[in-house]
Amino acid sequence: MNSNSEAIAQWNLAIQSNYGSPTIALSNGQGVEVWDVEGKRYLDFLGGIATNILGHAHPELVEAISQQAKTLNHVSNFYAHPQVLKLALKLQDLTGDSTARVFFCNSGAEANEAAFKLSRLTGRNRIVATSGAFHGRTMGALSLTGQESKKRAFKPLLKKITHVPFGDISAAKKAITKRTAMFILEPIQGENGVVVPPVGYLAALRDHTYKTGTLLVVDAVQTGMGRTSTWFGYESEGITPDVITLAKGLGGGLPLGAMIALGSAAQLFQAGSHGTTFGGNPIACAAANKVIEIIERDGLLAEVGRKGMMIKQALSELSQVQEVRGSGLLLGVVLKSKDAKVVAAALMQEGVLANAATGEVIRLAPALNVSDQQIAQFLEIFSKVVKNG
Ligand SMILES: Cc1ncc(COP(=O)(O)O)c(C=O)c1O
């Protein structure tokens, strides 16, 4: 196959319409660069939607995956293996809490489903979530999601879930009672256009959920793995949640999710409570172990903060940009023109991949190891596109 149009025709012939049709087909990548089947080069500032945390084909990641593929591929959860143990212990260490226990799965929705089921074991069955939130597309995760457009066609969904405005602590306090099993939220709402809550919101929520005995579940699927310059995206508020969910960047592009429970929440699942065939797969875990090793070794957390500020400052100066939201390398560029789809298409024409998270927001989520030079190239193209638009 050597043309985008041929690829799209095949897509339409064999793939369901739930994603619509793509406009290009990608054939290979290296770091932050990808090429389509016609040989055109792009700077990948979407990163597989915040997933290719170290870019494409990172040589050390390739080596770790290949080695594991040669050694042991899949064992089921009847048996332990070195990669899953190493990863679980490392994630526990990153939470800073030795009571943390990990459940591995394959995606963000599954991680949130696991949190949902865990919350039922508290003996309570009410949940509070936030409007605009995105927690996944399976029926439980969709019920937690606070976007009506994604839910409407699939009702009835799960009951006893209240959505409150994101960032509004008094609304949260009103909704959370001693009967609430869990409050779930994203530290920054990614799919909703990179929406950042007021400083102190998470800490106040933590305080209130302690008082009511409600699990505080942080969905770090998009903000996690260093993307916002800390491991999970909540640390700046100095809180410890009861549950953290992860996916996307965790496997560096391989499908891997995790639901980490802390303290007494870590004791809720018993033998037989939950499971999934591929959870803790050795190859996916080998990739995650390498991802974490590289982020730590290369000091990427600090770099993410610096690079994010570089992009934020430069784009904020553009007269076409209303504001740049977000933290680290999860950024939402709010356009005055409110035509993010048009701008995303024009960026692609000019060789940059980014997406319109909402009608007015371009989301940027490049690999954490994007270079200063690549950022400079991106900034040049972005300003040209919005000036011409
Ligand atoms: C915050 C958040 N939670 C959950 C999900 C669902 O993850 P997945 O698509 O891997 O099921 C996403 C996906 O975008 C997300 O951003």
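Residues numbered from 1 in each chain as written. Predicted model: local features only at pLDDT ≥ 70, side-chain atom pairs only at ≥ 80, totals over all residues. Heavy atoms only, no water.

**A few points about the overall build of the protein chain**
From N to C terminus, the protein chain includes 13 helices and 15 strands. Relative to its length of 389 residues, the protein chain is compact, with a C-alpha radius of gyration of 21 Å against a globular reference of 21 Å. Counting the 389 residues in the protein chain, one finds 53% classified as buried. Considering only residue pairs separated by 6 or more positions, the protein chain has 69% of its internal contacts joining residues 24 or more positions apart. (Helix = DSSP H or I, 4+ residues; strand = E, 2+ residues; numbered from the N terminus. Rg over C-alpha atoms; globule rule 2.2 N^0.38 Å. Buried < 20%, exposed > 50% of the residue type's maximum accessible area, 1.4 Å probe, protein only. Contact = heavy atoms within 4.5 Å.)

**Notes on the environment of Val361**
Along the chain, Val361 falls in strand 15 (residues 361-364). Excluding residues that lie within four positions of it along the chain, Val361 makes contacts with Gly193, Arg325, Gly332, Val333, Val334, Ala340, Asn355 and Ala356.

**Here's the deal with the pattern of salt bridges**
Scanning the entire structure with this criterion turns up 16 salt bridges. For Glu148, the salt bridge goes to Lys155, with nearest N and O atoms at 2.5 Å. What emerges from the salt-bridge pattern is a single network uniting Glu303, Arg306, Lys307 and Asp372. (Salt bridge = Lys/Arg side-chain N within 4 Å of Asp/Glu carboxyl O.)

**A word on the site of the ligand**
Around the ligand, the structure places 13 residues, and the nearest of them are Gly108, Ala109, Asp219, Gln222 and Lys248. Surface burial for the ligand is 82%, taken as the share of its 390 Å² of free accessible area covered by protein chains. Per-element accounting of the shell around the ligand gives the leading share, three residues, to helix 5 (residues 108-120). Within the shell around the ligand, the residues separate by chemical class into three nonpolar, six polar and four charged. (Near = heavy atom within 4 Å. Areas by Shrake-Rupley, 256 points an atom, 1.4 Å probe, with all protein chains shown as cover. Nonpolar A, V, L, I, M, F, W, Y, C, P; charged D, E, K, R; others polar.)

**Considering the sheet that holds strand 6 (residues 161-164)**
Ordered by their spatial adjacency, seven strands build an open sheet running 4-10-9-8-7-5-6, and the pairing between neighbours is mixed. Each edge of the open sheet carries a strand with a single partner, namely strand 4 (101-105) and strand 6. Shown here is a sheet whose adjacent strand axes are inclined to one another by a mean of 20 degrees, direction ignored. Across four bridges, the pairing between strand 5 (residues 126-130) and strand 6 is parallel. Within strand 6, the residue paired with Ile127 across the bridge is Ile161. Running at roughly 125 degrees to strand 4, helix 4 (residues 82-95) makes contact with strand 4, strand 9 (243-246) and strand 10 (257-261) of the sheet. (Pairing = 2+ DSSP bridges. Axes fitted to C-alpha atoms, helices over the stretch in contact; angles between N-to-C directions.)

**Things to note about the domain arrangement of the protein chain**
The domains assigned to the protein chain are domain 1 (4-57 + 299-388) and domain 2 (72-297). Taken together, the contact pairs 27 residues of domain 1 with 27 residues of domain 2. Carbon and sulfur atoms supply 62% of the area that domain 1 and domain 2 bury against each other, a total of about 2,100 Å² over both sides. Contact with domain 2 buries area across many residues of domain 1, yet Ile53, Leu301 and Leu330 alone supply 29% of it, more than any other trio. If you look at where domain 1 meets domain 2, you find one salt bridge. (Domains from an automatic or database assignment. Buried area = accessible area lost by both parts, 1.4 Å probe.)

**Thoughts on helix 12 (residues 340-349)**
Think of an α-helix as turning once every 3.6 residues; residues three or four places apart then point the same way. Among all positions in helix 12, only Ala340, Val343, Ala344 and Leu347 are buried. Each buried residue of helix 12 lies within a common arc of 100 degrees when the element is viewed along its axis, so the set occupies one face. Of the residues in helix 12, the exposed ones pointing more than 90 degrees away from the buried face are Lys341, Val342 and Gln349. As for helix 12, its buried residues are in contact with strand 12 (330-335), strand 13 (352-353), strand 14 (355-356), strand 15 and helix 13 (372-388). Directly beyond the C-terminal end of helix 12, a positive phi value near 90 degrees is found at Gly351. (Arc of directions from axis to C-beta.)

**Some details on the packing of helix 11 (residues 300-316) against helix 13**
At a closest axis distance of 11 Å, the pairing of helix 11 and helix 13 adopts a crossing angle of 20 degrees. For the element pair helix 11 / helix 13, the angle class is roughly parallel. Pair helix 11 / helix 13 crosses with right-handed handedness. Counted together, Arg306, Lys307, Met310, Ile311, Ala314 and Leu315 of helix 11 and Asp372, Ile375, Phe378, Leu379 and Phe382 of helix 13 form the full contact between these two elements. (Parallel < 35°, antiparallel > 145°, perpendicular 65-115°, else oblique. Left-handed = near helix turned anticlockwise from the far one by under 90°.)

**As for the sheet that holds strand 12**
As summarised here, the arrangement of the four strands in space is 11-12-15-14, forming an open sheet in which the pairing is antiparallel. Of all strands in the sheet, those bounded by a partner on one side alone are strand 11 (321-327) and strand 14. Relative to strand 15, strand 14 runs antiparallel, the two sharing two bridges. Bridging from a neighbouring strand, Ala356 pairs with Ile362 of strand 15.

**A word on the pairing of strand 10**
Burial within strand 10 is extensive, with five of its five residues counted as buried. Of the two faces of strand 10, the one carrying Gly257, Met259 and Ala261 and the one carrying Ala258 and Ile260 are both buried.

**Examining the packing of aromatic side chains**
Applying the stated rule across the entire model yields six aromatic pairs. For the ring pair Phe45 and Phe378, a centre distance of 4.2 Å and an interplane angle of 5 degrees mean the geometry is stacked. Remark: Phe378 occurs in helix 13 and Phe45 occurs in the loop between strand 3 (41-44) and helix 2 (47-50); sequence separation between them is 333 residues. Owing to a relative accessible area of 0%, Phe45 belongs among the buried residues under this scheme. A relative accessible area of 0% places Phe378 in the buried class. Centroid distance Phe78 to Tyr79: 6.3 Å. Interplanar angle 75 degrees. Geometry classified as edge-to-face. Each member of the pair, Phe78 as well as Tyr79, is classed as exposed. An aromatic cluster of at least three residues, connected via ring pairs, comprises Phe45, Phe378 and Phe382. The aromatic ring of Tyr210 is capped on one face by Arg206, whose charged end is 3.8 Å from the ring centroid. (Phe/Tyr/Trp six-rings, centres within 6.5 Å; stacked < 30°, edge-to-face > 60°. Lys NZ or Arg CZ within 6 Å of the ring centre and 35° of its normal.)

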